[in-house]
Protein chains: 2
Amino acid sequence: MNNGKSAEEEIRFLLDQVKQGLIDGAHAVKALEISRFNEILHPVINAGGVEGLPKWTGGISGAPGAAVGRVYFSSGALLKARKLALRRGEDTHCILVLPFTLADDVKAIEVAAGVLTAQGGFSAHASVMARQYGKVSLVAPEMNITGKRASLGALVFGEGDTVTLDVPGSGISAVYLGAAEITEPNLAGSALFDFIALAKGFIKNFQIRSNAETPADLERALSFGAEGIGLCRTEHMFFKPHRINTFRELILSDSDAARKNALEKIKVMQRDDFYRIFKIMAGKDVTIRLLDAPLHEFMPRSDTELMGYLDHISRTETLCTRDEIIARIEMLNEFNPMLGRRGCRIAISYPEIYAMQVRAVFEAVQTLRDENIDVRPEIMIPLVMNAAELKTIVFGKRVTGADYTGIADIAPLPFKVGAMIELPAAVLGAASIARYAQFFSFGTNDLTQTTLGLSRDDAAGSMPAYTHYDLLEGNPFMVLDEGVKELISLGVNRGRLTRPDLVCGLCGEQGADPAAIRFCIDSGIDYVSCSPYAVPVAILAAAQIQLEKQ
Amino acid sequence: MNNGKSAEEEIRFLLDQVKQGLIDGAHAVKALEISRFNEILHPVINAGGVEGLPKWTGGISGAPGAAVGRVYFSSGALLKARKLALRRGEDTHCILVLPFTLADDVKAIEVAAGVLTAQGGFSAHASVMARQYGKVSLVAPEMNITGKRASLGALVFGEGDTVTLDVPGSGISAVYLGAAEITEPNLAGSALFDFIALAKGFIKNFQIRSNAETPADLERALSFGAEGIGLCRTEHMFFKPHRINTFRELILSDSDAARKNALEKIKVMQRDDFYRIFKIMAGKDVTIRLLDAPLHEFMPRSDTELMGYLDHISRTETLCTRDEIIARIEMLNEFNPMLGRRGCRIAISYPEIYAMQVRAVFEAVQTLRDENIDVRPEIMIPLVMNAAELKTIVFGKRVTGADYTGIADIAPLPFKVGAMIELPAAVLGAASIARYAQFFSFGTNDLTQTTLGLSRDDAAGSMPAYTHYDLLEGNPFMVLDEGVKELISLGVNRGRLTRPDLVCGLCGEQGADPAAIRFCIDSGIDYVSCSPYAVPVAILAAAQIQLEKQ
């Protein structure tokens with residue numbers, strides 16, 4: 001049901017029909033293709049953001065949006081370059097440039113920012129796949145590709161050059177040599193919001209929440225109809241350049257006093273963050289995931305970065321020696337960080353970190369309650385492996401020499417605590433874990449990695465051959481694997497054996513996939529949590545699935 | 001039942017009693033403590049292997065054997081040093097030196113070669129734990145420890161110094177400054193073999209196999225009563241210095257012709273290895289695990305090693321350029337190698353490697369059959385994730401452009417193929433996987449890593465805190481985790497839904513643990529496979545468990 005209308009036009013048309021009583025709301029919700037939402041939600045080029053960049057205009061819109069990235073002329077070259085960039089902590093945005101794409105190129109499209117091809121049109125493989133994966137696609141029949149160089153009129157670019165693709169939903173597309181400034185879509189006055197509200201009315205006993213922590217993302221999630229925050233990642237607040245050094249102080253301090261001082265500084269920052277988050281989300285659930293990232297993620301990665309950092313800290317007094325810092329950083333490195341000391345394992349080794357975070361949460365809660373603001377925090381413990389861990393983190397433990405201070409020893413108010421279920425062991429032990437958890441949140445990214453024994457960051461090495469021989473139902477990081485689904489169902493059922501009113505949610509990349517939402521509804525899962533821009537799609541999918549079942 | 005007798009004396013006594021008809025065989029087998037076998041099976045110092053090393057004699061034997069390693073004066077320092085050594089590919093043998101040990105030191109004892117303490121005796125914590133983990137322990141009350149230095153009479157050593165502990169089963173113990181040459185125990189004339197034969201007679205419908213590939217280990221496994229080889233690791237044959245460069249040629253060749261040439265050279269080596277293995281194991285099952293290790297394990301690890309290698313190959317002609325070699329090696333590195341391209345994923349990317357290995361196996365089989373030798377090979381595919389993978393590897397696949405050559409396209413004779421079940425996804429998909437597998441081998445090391453989301457190589461970072469707060473039933477890499485056991489049972493049951501006569505085995509570090517053997521017998525598993533020196537212990541444990549059930 002494209003009919004040559006833009007997505008905005010079609011949504012407006014459907015809403016008008018409902019308003020005029022020509023169709024009912026359910027019909028309108030069922031009639032809209034989910035992919036049309038994506039067309040409205042794509043990013044655009046800033047006004048003035050391409051000033052001075054060499055430009056070519058024309059081509060056929062394959063998938064709308066704006067994308068900036070380095071150019072590669074084969075999927076292999078792109079995947080290789082991206083892997084190196086990942087390893088070096090460099091920018092990973094790439095543009096795939098090819099005469100046309102084949103099934104084998106999907107793995108590159110999936111990780112690229114955009115695709116520029118010479119053959120085909122809106123229905124070409126590249127365009128269809130780009131729309132499916134939410135990527136930008138432009139077909140430019142005028143493009144000449146020779147080896148690792150391409151020309152588009154006067155525009156000439158080679159491998160590794162940065163280009164910008166600008167493919168508006170309607171109007172003329174453009175390619176720029178260089179990086180344009182990109183901004184989120186301007187949705188002011190869009191009928192999207194009314195349509196979301198219409199669709200939400202058909203969702204019963206199921207919620208769409210969002211993964212967000214910055215004020216901009218929280219506001220966006222709310223405007224898109226999110227019922228709460230299902231995943232607020234507390235480490236994201238510390239990866240900001242002006243804050244990361246405070247976190248490093250915590251790890252590299254040479255005395256308990258210095259460590260306590262660093263903890264106190266971090267607590268104040270976190271408390272202020274939580275205050276803002278809870279205020280924006282007043283009246284709605286906010287699930288705070290305590291620190292999950294391994295500590296080495298906070299350390300300088302490259303030698304250059306390390307030298308810069310050592311140079312910076314030579315002016316401070318509280319840290320251990322330069323050699324000791326280098327040794328500590330080396331010690332934090334792991335062979336398999338995915339399976340290393342992260343998630344609540346950090347809390348078991350360094351109980352003071354979670355204690356600080358819980359204090360920050362409840363100090364913010366107290367301030368807001370004093371202001372008569374309705375705050376609904378939930379504390380979520382990541383990477384739980386067994387019930388003994390969770391019990392200790394929640395209720396503490398008396399041990400000769402050093403007690404463990406639990407959340408219950410700190411939180412002054414009734415509070416909700418839940419477990420992320422993202423390891424097969426946690427699924428199998430779910431009945432015991434549910435004794436100490438009021439909710440489960442299934443982390444599908446990590447559960448997929450452990451169930452399949454497949455690292456998300458390294459999968460690109462194997463994927464081409466698996467695609468070639470058709471050995472996977474789909475990319476398991478986009479579409480939930482059957483084994484992962486079985487484990488999630490088992491976890492829900494075992495958890496509810498112990499706690500019949502256990503709330504269960506799903507947060508992970510796959511959360512906005514309509515098939516995953518169907519699985520969640522069928523399995524008695526209470527909510528999914530996805531990125532803010534995916535919330536409208538998830539709402540529409542959930543509404544359509546529930547309408548279909550009526 | 002120690003009675004001051006050495007283990008050898010006790011075994012001889014029990015056998016005599018049986019011979020004289022005073023007790024029956026079952027009684028003798030039940031009467032012997034399993035740990036007594038370990039006492040006989042410990043390594044000893046070579047004759048003349050300590051020539052010229054400064055020596056101290058005396059002390060109380062805590063756990064017999066001989067151990068060489070670098071000295072550390074705290075569990076933390078030892079674990080740290082070992083982790084660095086692991087990362088750098090250096091020797092990881094360490095000796096823990098302390099006044100006495102506490103529960104928290106177990107994690108260090110577990111990975112140390114030996115323990116030297118000043119307080120206590122045979123029943124001290126250090127001695128008990130060392131015996132439990134098969135480590136050497138000596139108690140030297142004369143030892144003075146001051147900071148990171150210790151003195152034993154005239155012998156003085158500091159952190160990082162190499163010492164040798166020599167603790168014979170009977171006789172005077174010694175400590176040497178420096179590394180002695182160590183050799184396997186001399187079992188000529190030991191009553192152990194008769195006792196193993198006696199115990200084996202009580203094992204019904206259950207086998208003890210061994211993990212082995214070198215002639216010495218195969219002979220040893222046979223002499224210790226192994227019924228077959230449950231795990232013959234084909235990559236171990238390539239880590240030898242004089243062979244690894246041939247394998248590198250395969251990965252770094254610049255042309256198909258050069259790659260084919262390298263493959264052919266490797267095939268000849270493997271064929272000759274398999275010939276020797278099958279000949280030694282005539283009449284017994286030999287399970288050949290095809291390549292499992294990720295390709296980067298064959299590459300130079302340190303910069304020094306890389307420079308040495310580049311220097312070496314500059315004299316050959318068939319490889320790609322120096323820069324391309326460095327780039328290829330960098331590309332092979334993975335963020336999480338445990339979850340990367342290894343196991344049968346290598347075969348899906350590079351089908352020619354398994355094809356070469358299968359050719360090598362069956363050429364060796366053919367030669368031996370021509371010599372009228374009874375050969376019983378089984379081909380085992382590691383890290384199977386789903387049935388589609390295994391089906392392709394076994395039966396091949398016709399794909400436009402490039403067919404996949406399966407084992408069935410190569411093997412000229414009826415052959416047995418099985419799957420290693422070491423990922424939760426494989427357990428969940430076991431019913432489908434069993435369509436293409438005549439046997440399952442549960443790899444408990446990897447299944448533990450994926451189920452718990454815990455890397456074996458990195459676990460030392462978390463373990464101290466987990467031990468301190470008592471959050472694990474035991475070290476999951478020594479004692480099977482409950483979740484892992486549930487998955488194994490599920491895999492056995494699902495596999496036998498499809499194939500009622502599916503043979504199931506267990507290979508992994510935990511295989512020789514009596515509790516694991518009990519679990520295997522209770523779960524209908526047909527065999528365990530463990531290291532040659534663990535075979536006698538496993539046989540005695542299996543016999544005792546089955547006698548107990550009668």
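Residues numbered from 1 in each chain as written. Chains lettered and ligands numbered in written order. Predicted model: local features only at pLDDT ≥ 70, side-chain atom pairs only at ≥ 80, totals over all residues. Heavy atoms only, no water.

1. Considering the overall build of chain A
Right, so step 1: What chain A contains, in helices and strands, is 23 helices and 21 strands.
Right, so step 2: Its C-alpha atoms give chain A a radius of gyration of 25 Å, within 12% of the compact-globule value 24 Å for 550 residues.
Right, so step 3: Structurally, chain A occupies a C-alpha span of about 75 × 60 × 50 Å along its principal axes.
Right, so step 4: Of all 550 residues assigned to chain A, the portion counted as buried reaches 57%.
Right, so step 5: Here the analysis covers contacts within chain A between residues at least 6 apart in sequence; of these, 69% occur between residues at least 24 apart.
Right, so step 6: As presented, chain A carries roughly 21,500 Å² of accessible surface, and 50% of it is formed by carbon and sulfur atoms.
Right, so step 7: Considering chain A, the positive charge centre built from 56 side chains and the negative charge centre built from 66 side chains are found 3 Å apart. (Helix = DSSP H or I, 4+ residues; strand = E, 2+ residues; numbered from the N terminus. Rg over C-alpha atoms; globule rule 2.2 N^0.38 Å. Buried < 20%, exposed > 50% of the residue type's maximum accessible area, 1.4 Å probe, protein only. Contact = heavy atoms within 4.5 Å. Areas by Shrake-Rupley, 256 points an atom, 1.4 Å probe, with all protein chains shown as cover. Lys, Arg positive; Asp, Glu negative; His and termini not counted. Charge placed at Lys NZ, Arg CZ, Asp CG, Glu CD.)

2. A short note on the state of the cysteines
Right, so step 1: In total, this model carries zero disulfides over all chains according to the counting rule given.
Right, so step 2: This cysteine, Cys-507 of chain A, is not joined by any disulfide, and Cys-530 of chain A carries the nearest cysteine sulfur, 10 Å off. (Disulfide = S-S within 2.5 Å.)

3. Side note on the sheet that holds strand S21 (residues 527-530) of chain A
Residues and elements named next belong to chain A.
Right, so step 1: Here we have eight strands rolled up into a closed barrel, ordered S14-S15-S16-S17-S18-S19-S20-S21, and parallel in their pairing. Averaged over all neighbouring strand pairs, the angle between strand axes comes to 25°, with direction disregarded.
Right, so step 2: Pairing of strand S14 (residues 207-211) with S21, which is carried by four bridges, proceeds in the parallel orientation. Of the residues in S21, the one forming a bridge with Arg-209 is Ser-529.
Right, so step 3: Here helix H21 (residues 482-498) sits on the sheet and contacts strand S19 (439-443) and strand S20 (503-507); the angle it forms with S19, its principal contact strand, is near 170°. (Pairing = 2+ DSSP bridges. Axes fitted to C-alpha atoms, helices over the stretch in contact; angles between N-to-C directions.)

4. A few points about the sheet that holds strand S7 (residues 136-139) of chain A
Within a beta sheet, neighbouring strands are joined by backbone hydrogen bonds and run either parallel or antiparallel to one another.
Residue and element names in this part refer to chain A.
Right, so step 1: With mixed pairing, eight strands are arranged side by side in an open sheet as S2-S12-S11-S4-S5-S6-S7-S3. Strand pairing shows two members of the sheet lacking a second neighbour, strand S2 (55-57) and strand S3 (60-63), which therefore form its edges. Pairwise comparison of adjacent strand axes, ignoring direction, gives a mean angle of 25° for this sheet.
Right, so step 2: In this structure, strand S4 (residues 65-72) lies alongside strand S11 (residues 162-167), joined through six bridges in antiparallel fashion. Opposite Gly-69, over in S11, you have Val-163 as the bridge partner.
Right, so step 3: Against the sheet, helix H4 (residues 75-88) touches S4 and strand S5 (94-98), its axis set at about 165° to S5.

5. Remarks on the environment of Gly-429 of chain B
Right, so step 1: Within the fold, Gly-429 of chain B resides in the loop between helix H17 (424-428) and helix H18 (430-433).
Right, so step 2: Spatially, the C-alpha atoms of Gly-429 of chain B and Asn-386 of chain B are 6.3 Å apart, while their sequence positions differ by 43 residues.

6. Re the environment of Pro-337 of chain A
Right, so step 1: By the secondary structure assignment, Pro-337 of chain A is in the loop between helix H12 (322-332) and helix H13 (344-349).
Right, so step 2: Residues Pro-337 of chain A and Pro-294 of chain A lie 43 residues apart in sequence; the distance between their C-alpha atoms is 7.3 Å.
Right, so step 3: Discounting chain neighbours no more than four positions away, the residues touching Pro-337 of chain A are His-296 and Arg-342 of chain A together with Phe-335 and Asn-336 of chain B.

7. With respect to the side chain of Ser-190 of chain A
All names here are of chain A.
Right, so step 1: Locating Ser-190 in the fold gives a position in the loop between strand S13 (182-183) and helix H7 (192-200).
Right, so step 2: A residue is classified by how much of its surface remains accessible, and Ser-190, at 12% relative accessible area, is buried.
Right, so step 3: Looking at Ser-190, its side chain comes within polar contact range of the side chain of Glu-8, at 2.8 Å.
Right, so step 4: The residues touching Ser-190, leaving out its near neighbours within four places in the chain, are Glu-8, Arg-12 and Ile-40. (Polar contact = N/O pair within 3.5 Å; in protein donor to acceptor, adjacent residues only side chain to side chain.)

8. Side note on the packing of H7 of chain A against helix H23 (residues 535-549) of chain A
Residue and element names in this part refer to chain A.
Right, so step 1: Axis separation between H7 and H23 bottoms out at 9 Å; the angle between their running directions is 35°. Note that H7 runs across H23; the crossing there is left-handed. Contact residues: Phe-195, Ile-196, Ala-199 and Lys-200 in H7; Pro-536, Ile-539, Leu-540 and Ala-543 in H23.
Right, so step 2: Along the lines of polarity and charge, the residues of the contact of H7 with H23 split into seven nonpolar, no polar and one charged. (Left-handed = near helix turned anticlockwise from the far one by under 90°. Nonpolar A, V, L, I, M, F, W, Y, C, P; charged D, E, K, R; others polar.)

9. Overview of the side chain of Ser-349 of chain A
Right, so step 1: Tracing the backbone through its elements, the reader meets Ser-349 of chain A in helix H13.
Right, so step 2: Ignoring any residue separated from it by four or fewer positions in sequence, one finds Ser-349 of chain A in contact with Arg-341 of chain A together with Gly-461, Ser-462 and Ala-465 of chain B.

10. Let's talk about the relation of the copies chain B and chain A
One copy of the chain maps onto the other through a rotation about an axis plus a displacement along that axis.
Right, so step 1: Of the transformation placing chain B onto chain A, the axial shift is 0.0 Å and the rotation is 180°, giving an RMSD of 0.1 Å. The two molecules are tied by a two-fold rotation axis, judged by turn and shift.
Right, so step 2: A share of 100% of the interface residues of chain B reappears at the interface of chain A, consistent with the copies meeting face to face through the same patch. (Least-squares fit on C-alpha atoms with pLDDT ≥ 70 in both.)

11. Observations regarding unusual backbone geometry
All names here are of chain A.
Right, so step 1: One non-glycine residue with positive phi stands out, namely Asn-372, at about 60°.
Right, so step 2: The residue Asn-372 is located in the loop between helix H14 (351-370) and strand S17 (376-381) in this model.
Right, so step 3: Non-glycine residue Leu-383 carries a positive phi angle of around 55°.
Right, so step 4: Note that Leu-383 resides in the loop between S17 and helix H15 (387-395).

12. With respect to the domain arrangement of chain A
Right, so step 1: Domains assigned within chain A are domain 1 (7-32), domain 2 (44-183) and domain 3 (196-235 + 283-293 + 377-548).
Right, so step 2: Each of domain 1 of chain A and domain 2 of chain A has a C-alpha centre, and these two points are 34 Å apart. (Domains from an automatic or database assignment.)

13. Re the interface of chain B and chain A
Right, so step 1: The interface of chain B with chain A comprises 60 residues on the first partner and 60 residues on the second.
Right, so step 2: Counting each side, the surface lost to burial between chain B and chain A is near 5,500 Å², with a carbon and sulfur contribution of 59%.
Right, so step 3: Of all residues in chain B, Phe-335, Leu-339 and Tyr-469 of chain B bury the most surface against chain A, accounting for 15% of the area lost on that side.
Right, so step 4: Counting the contacts that link chain B with chain A gives two salt bridges.
Right, so step 5: A salt bridge links Arg-494 of chain A to Glu-486 of chain B; its shortest N-O distance comes to 2.5 Å.
Right, so step 6: Inspection of the chain B/chain A interface yields 22 residue pairs in polar contact (both at pLDDT 80 or more).
Right, so step 7: Secondary structure elements with two or more residues in the side of chain B that touches chain A: helix H4 (75-88), helix H12 (322-332), helix H13 (344-349), helix H15 (387-395), H17, helix H19 (444-452), helix H20 (459-468) and helix H21 (482-498) of chain B.
Right, so step 8: With six residues, H4 of chain B is the largest single contributor of residues to the side of chain B that touches chain A.
Right, so step 9: Each residue belonging to the side of chain B that touches chain A can be placed in one class, and the counts come to 27 nonpolar, 16 polar and 17 charged. (Buried area = accessible area lost by both parts, 1.4 Å probe. Salt bridge = Lys/Arg side-chain N within 4 Å of Asp/Glu carboxyl O.)

14. Here we look at the pairing of S20 of chain A
All names here are of chain A.
Right, so step 1: By the criterion of burial, S20 is predominantly enclosed, with four of the five residues buried.
Right, so step 2: The pairing of S19 with S20 spans five bridges and is parallel. The partner of Phe-442 across the bridge, within S20, is Leu-506.
Right, so step 3: Across three bridges, the pairing between S20 and S21 is parallel. By the bridge assignment for S21, Gly-505 is matched with Tyr-527.
Right, so step 4: Crossover S20 to S21 through helix H22 (residues 514-522) is right-handed. (Right-handed = clockwise from strand over helix to strand, strands pointing away.)

15. Regarding the pattern of salt bridges
Residue and element names in this part refer to chain A.
Right, so step 1: With the rule as written, the count across this model stands at 62 salt bridges over all chains.
Right, so step 2: With a closest N to O distance of 3.1 Å, Lys-200 and Glu-227 form a salt bridge. Of this pair, Lys-200 sits in helix H7 while Glu-227 is found in the loop between helix H8 (215-223) and strand S15 (228-233), placing the two residues 27 residues apart along the sequence.
Right, so step 3: Classification of Glu-227 as partly exposed rests on a relative accessible area of 29%.
Right, so step 4: A salt bridge links Arg-259 to Asp-256, with the nearest nitrogen and oxygen atoms 2.9 Å apart. Pair noted here: Arg-259 and Asp-256 are both in helix H10 (residues 256-280), with a separation of three residues, about one helical turn.

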